[in-house]
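# Summary of the model geometry
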Amino acid sequence: DPYPTVWMQAIIEAVREQKPFMRASAVVGLRRLKPVVDAVNRITGRKIRVFDDMETAIHWLLDEAGDRR
């Protein structure tokens, strides 16, 4: 496992606490963390995506929010 269990547990707990308040989240420029994000999504039921650029991330977030600009 390339990511320490302590890190994963801390991330999962933080994400679970935020779930009622967030529909979706985007991470930009941290492609190496995609496996961590995928695991967090599976465990917590959150919708977090990793993007290479901010513009694509913003468009996705707007779509998720129902704002079709």
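## Digging into helix 2 (residues 34-44)
Among all positions of helix 2, only V36, V37, A39, V40, N41 and T44 are buried. Once helix 2 ends, the next one or two residues include G45, with phi positive near 80°.

## Focus: the layout of surface pockets
Looking at the largest pocket, its volume works out to about 160 Å³. If you go around the largest pocket, the residues you meet are I11, S25, A26, V27, L33, V36, V37, V40 and I48. Residue assignment for the lining of the largest pocket shows that the elements contributing at least two residues are strand 1 (25-28) and helix 2. Class assignment for the residues of the lining of the largest pocket results in eight nonpolar, one polar and no charged.

## Regarding the nonpolar core
I12, V15, V36, V37, V40, I48 and V50 together form the largest nonpolar core, which totals seven residues. Elements represented by at least two residues in this core include exactly helix 1 (5-18), helix 2 and strand 2 (48-51). Apart from residues lying up to four places away in sequence, V37 is in contact with I48 and V50.

## Let's talk about helix 3 (residues 54-65)
For helix 3, built from 12 residues, the straight-helix expectation of 16 Å at 1.5 Å per residue is met to within 8% by its first-to-last C-alpha distance of 16 Å. The first or second residue beyond helix 3 is G66, which carries a positive phi of 85°.

## Some words on the pattern of salt bridges
A full pass over the atoms with the stated rule returns three salt bridges. One salt bridge in this structure joins R31 and D52, with 3.1 Å as the shortest N-O distance. Residue R31 is found in the loop between strand 1 and helix 2, and its partner D52 is found in the loop between strand 2 and helix 3; the two are separated by 21 residues along the sequence. The exposed category is assigned to D52, whose relative accessible area is 58%.

Definitions and cut-offs
Residues numbered from 1 in each chain as written. Predicted model: local features only at pLDDT ≥ 70, side-chain atom pairs only at ≥ 80, totals over all residues. Heavy atoms only, no water. Buried < 20%, exposed > 50% of the residue type's maximum accessible area, 1.4 Å probe, protein only. Helix = DSSP H or I, 4+ residues; strand = E, 2+ residues; numbered from the N terminus. 1 Å grid on protein atoms, 1.4 Å probe; cavity = no way out; pocket = protein on both sides within 12 Å on 5 of 7 lines; lining within 4 Å. Points joined across faces, edges and corners; volume = space filled by probe spheres on them. Nonpolar A, V, L, I, M, F, W, Y, C, P; charged D, E, K, R; others polar. Core = buried A, V, L, I, M, F, W, Y, C linked by side-chain atoms within 4.5 Å. Contact = heavy atoms within 4.5 Å. Expected span 1.5 Å × (residues − 1). Salt bridge = Lys/Arg side-chain N within 4 Å of Asp/Glu carboxyl O.

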